[in-house]
Amino acid sequence: MENEFIKLVNDRHETLTKLERRIAAYFLAQPKALSVETSGSIADRTHVSPMTVTRFFRKLGFESAAAAKEAFKKDFYGNERSTIGKRFDEFQRSRPPSNHSAHFDSAALATRRACELSQEPIWRDIVDLVAHSDSVYATGFQTMGYLANGLVQRLGYVRANVHELDGTDGVYAKLLTDPRPKRTLIIIDTFRYGRNGPVLAQAARKQGAEVVIFCDELCDWGASITPYVVALPTEEGFFFRPTTAIHFSLNLLIQDVIDELGESVRDQMKLLSQAQELFGQYMK
């Protein structure tokens, strides 16, 4: 079945200018590119101005690439109400032949976007929060729990009072009853998003905690709760969409926190090294 967005591009093709047709040609060659591209990256890839990209989408009936992406969300990701089994069957029927070179290109694009976001002013604010809050909590919803766990374990080597929040108590008491005045919660999630994510984020904000959200570009709830939203593309062509950009961005965060804390990291590492020697956890 033809991608509905591509069908719309074909239907409006005669109304497009020469430069707008260059954008159309890009999407015709990359049918699902809209699921990961932004207006800026589309302009870069097609060597046109951002205004040309805006005009292109307006001729299709949208205000922006983000608006078009939202309109065709189910076209990219499937029916959100379907079961995992049904989604797997749909994926197997519709998936293109495996192309590892294309997967590499998609991962490289996603990683580059993570680097670009790390140069924006809001990134420095996030680093300051994670480095200097009295307590830092991290939680990952759905299959993102492993990223939260890894983040907490590594941050724990460079600063104190870092906790994984798993919600097993049903009320996230560890965060919401923490008396420390300066707390930061990191939420990691992707489409279709865990139901508790927005509820927890709003509760944390009401309690005076700051909230940082690492998510994909389809997240439409984070910005209404916190200014600290790191929205990154995921790669297509996999049943479980890889989170290369989010993983890389978290690595950048850890390194930038280390640089921000400076010599205090040495003291924390020394304490942990003493504990490791006491319990003999490592062979070498």
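Predicted model, so just to flag it, every value in this text is computed and none were measured.

1. Focus on the pattern of salt bridges
Close approach of charged atoms lets side chains of opposite charge pair. Using the criterion set out here, one finds 12 salt bridges in the structure. Put simply, arginine 55 and glutamate 20 hold a salt bridge, and the shortest N to O gap is 3.9 Å. With arginine 55 in helix H4 (residues 50-59) and glutamate 20 in helix H2 (residues 18-29), this residue pair connects regions lying 35 residues apart in the sequence. The exposure class of glutamate 20 is buried, given its relative accessible area of 1%. A salt bridge links arginine 124 to aspartate 128; its shortest N-O distance comes to 3.9 Å. Of the two residues, arginine 124 and aspartate 128 both sit in helix H9 (residues 121-132), four residues apart, roughly one turn of that helix. Using a relative accessible area of 27% as the deciding quantity, one classes aspartate 128 as partly exposed. A single network of salt bridges, built from pairs that share partners, joins Glu20, Arg55 and Lys59.

2. Description of the nonpolar core
The biggest cluster of nonpolar side chains holds 34 residues, and the ones touching the most others in it are Leu155, Ile186, Ile188, Phe214, Leu253 and Val257. By residue number, the principal contributor to this core is helix H13 (residues 244-261), which donates seven residues. Residues within four places of isoleucine 186 in sequence aside, it is in contact with Val130, Val136, Tyr137, Ala138, Thr139, Leu151, Val212, Phe214 and Leu253.

3. Description of the sheet that holds strand S2 (residues 162-164)
In spatial order, the strands read S2-S1-S3-S4-S5; together these five strands make up an open sheet with parallel pairing. Unpaired on one side and paired on the other, S2 and strand S5 (228-232) mark the two borders of the sheet. Pairwise comparison of adjacent strand axes, ignoring direction, gives a mean angle of 15 degrees for this sheet. In this sheet, strand S3 (residues 183-188) lies alongside strand S1 (residues 135-140) in parallel orientation, the contact comprising six bridges. Paired with threonine 139 across the bridge in S3 is isoleucine 187. Across the sheet, H13 lies against S3, strand S4 (210-216) and S5, angled at about 145 degrees from S4, the strand it touches most.

Cut-offs and rules
Residues numbered from 1 in each chain as written. Predicted model: local features only at pLDDT ≥ 70, side-chain atom pairs only at ≥ 80, totals over all residues. Heavy atoms only, no water. Salt bridge = Lys/Arg side-chain N within 4 Å of Asp/Glu carboxyl O. Helix = DSSP H or I, 4+ residues; strand = E, 2+ residues; numbered from the N terminus. Buried < 20%, exposed > 50% of the residue type's maximum accessible area, 1.4 Å probe, protein only. Core = buried A, V, L, I, M, F, W, Y, C linked by side-chain atoms within 4.5 Å. Contact = heavy atoms within 4.5 Å. Pairing = 2+ DSSP bridges. Axes fitted to C-alpha atoms, helices over the stretch in contact; angles between N-to-C directions.

Note that every value here comes from positions in space, so none of it alone points to a role or purpose.
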